[in-house]
Amino acid sequence: MAEITAQMVKELRESTGAGMMDCKNALKDTDGDFEKAVQLLREKGLGKADKKADRLAAEGLVSVKVSDDFKCATVSEINSETDFVAKNEQFIALTKDTTAHIQAKSLQNVEELHSSEINGVKFEEYLKSQIATIGENLVVRRFATLKAGTNGIVNGYIHTNGRVGVVIAAACDSEATANKCGDFLKHICMHIAAMKPSYLSYEELDMDFVENEYKALVAELEKENEERRRLKDPNKPEHKIPKYASRKQLTQEVIQVAEEAIKAELQAQGKPEKIWPNIIPGKLNSFIADNSQLDSRLTLMGQFYVMDDKKTIEQVIADKEKELGGTIKIVEFIRFEVGEGLEKKTEDFAAEVAAQIG
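Residues numbered from 1 in each chain as written. Predicted model: local features only at pLDDT ≥ 70, side-chain atom pairs only at ≥ 80, totals over all residues. Heavy atoms only, no water.

In the annotation of an unreviewed UniProt entry, the entry for the chain reads Elongation factor Ts, and the organism field reads Campylobacter ornithocola. Regarding the chain, the UniProt comment filed under Subcellular location (unreviewed entry) reads as follows: "Cytoplasm". Regarding the chain, the UniProt comment filed under Function (unreviewed entry) reads as follows: "Associates with the EF-Tu.GDP complex and induces the exchange of GDP to GTP. It remains bound to the aminoacyl-tRNA.EF-Tu.GTP complex up to the GTP hydrolysis stage on the ribosome." (UniProt positions renumbered as here; feature names shortened; annotations may be inferred.)

Below, the structure written as structure tokens:
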């Protein structure tokens, strides 16, 4: 049995929002395994998803560079020690110049970046000179580039605070369609920046993951239902408990069974069969929406659009395709947020940055 320390309990509480004793018991039941303890709490409806990404340990900026022909888009994250330096004009210029350099040289990783030449000197030396001038340790933490294929287009978006950046790539049926959807893709990037999807579509989800998340979803909804029953607020009816969590689980057989149930319901209501075709598609869509809540939380295509919350991104893209008379397929997106995935530790961030440099 692993020793359960007060620090372990504290970190689990901060991550899940669950009570102290619940966290302690969860760690005991999972022999100190943090990830398993998070999942156990969620399955009991006692904690929310792990919020490591919200526990930022870094300052700095995310930068985005989109080529003039919208065929190449690069996003980078450069860390500083303090928010004050992140607002420094020289540091801002450094992030933009570095991102443009990465794109121009088609660099693939940080090692290639440091050994590359910028303004006639090795980037590693260039960065050291910037550190000396600015007066803080600086780290190029990560970067990525997306390129458009045939009939493709890329675009990007950087949030006004400089802490969140997104790049996206789409494949179209023709260059004409690609040339017309640049602004539309930027709006999709803005959605991604705000809503933080983790996957492109439900097709990327692992079935074991979906089944585990379903247990957590049901526990969460049942916990909320207990509270709603207690409050008896007529404006907040109880949630319907879904049978599924994702379209990944909605096989053709499942859809067929749902459709037969809808027909039986319409027959019991005495609705004439000639109007069934007008009713069934809407009810099927409702069934799919109710039973794909995981998709609407985690996948871009399944999320409801921030600029029109009555439609999913998938539906919004379909509408745009009709408008342009062509096809638009999102191939990939990348979202960076400053400090994402770095956990706060007891040591200060200056030491953490120094360790990365060393």
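(A) Main features of the environment of Glu-211. You can see Glu-211 is positioned in helix H10 (residues 207-231). Relative accessible area serves as the criterion here: at 41%, Glu-211 is assigned to the partly exposed category. Separated by 109 residues in sequence, Glu-211 and Ile-102 place their C-alpha atoms 40 Å apart. (Helix = DSSP H or I, 4+ residues; strand = E, 2+ residues; numbered from the N terminus. Buried < 20%, exposed > 50% of the residue type's maximum accessible area, 1.4 Å probe, protein only.)

(B) Here's a closer look at the nonpolar core. Counting residues in each nonpolar core, the largest one holds 26 residues, and the members touching the most others are Ile-168, Cys-181, Leu-185, Ile-188, Leu-300 and Ile-330. No other element matches helix H9 (residues 182-195), which puts six residues into this core. In this view, Leu-185 contacts Ile-153, Asn-155, Ile-168, Ala-170 and Ile-330; residues no more than four positions away in its chain are not counted. Counting 18 residues, the second largest nonpolar core, distinct from the first, contains Ile-102, Leu-107, Phe-123 and Phe-143. (Core = buried A, V, L, I, M, F, W, Y, C linked by side-chain atoms within 4.5 Å. Contact = heavy atoms within 4.5 Å.)

(C) Local environment of the pattern of salt bridges. In total, this model carries 22 salt bridges according to the counting rule given. The salt bridge involving Asp-83 is made with Lys-87; its shortest N-O contact spans 3.2 Å. For Asp-83, a relative accessible area of 34% puts it in the partly exposed group. Across the salt bridge formed by Arg-247 and Glu-314, the nearest N and O atoms sit 2.8 Å from each other. Of this pair, Arg-247 sits in the loop between H10 and helix H11 (252-268) while Glu-314 sits in helix H14 (residues 313-324), and the two are 67 residues apart along the sequence. A relative accessible area of 29% places Arg-247 in the partly exposed class. Residues participating in the shared-partner salt-bridge network are Glu-77, Arg-141, Arg-142, Lys-196, Arg-335, Glu-337 and Glu-340. (Salt bridge = Lys/Arg side-chain N within 4 Å of Asp/Glu carboxyl O.)

(D) Structural context of the packing of aromatic side chains. In this structure the tally under the stated criterion is two aromatic pairs. Note on Phe-123 and Tyr-126: the rings are 5.5 Å apart at their centroids and 50 degrees apart in plane angle, and the pair reads as tilted. Here Phe-123 pairs with Tyr-126, and both are found in helix H7 (residues 123-134), just three residues apart, close to one helical turn. Judged by relative accessible area, Phe-123 falls into the buried class, the value being 0%. On the accessibility criterion, Tyr-126 (10% relative accessible area) is buried. With a centroid separation of 6.2 Å and 50 degrees between ring planes, the pair formed by Tyr-199 and Phe-209 is classed as tilted. A residue pair is termed long-range when its members are at least 10 positions apart, and Tyr-199 in the loop between H9 and H10 and Phe-209 in helix H10 qualify at ten residues. What makes Tyr-199 partly exposed here is its relative accessible area of 26%. (Phe/Tyr/Trp six-rings, centres within 6.5 Å; stacked < 30°, edge-to-face > 60°.)

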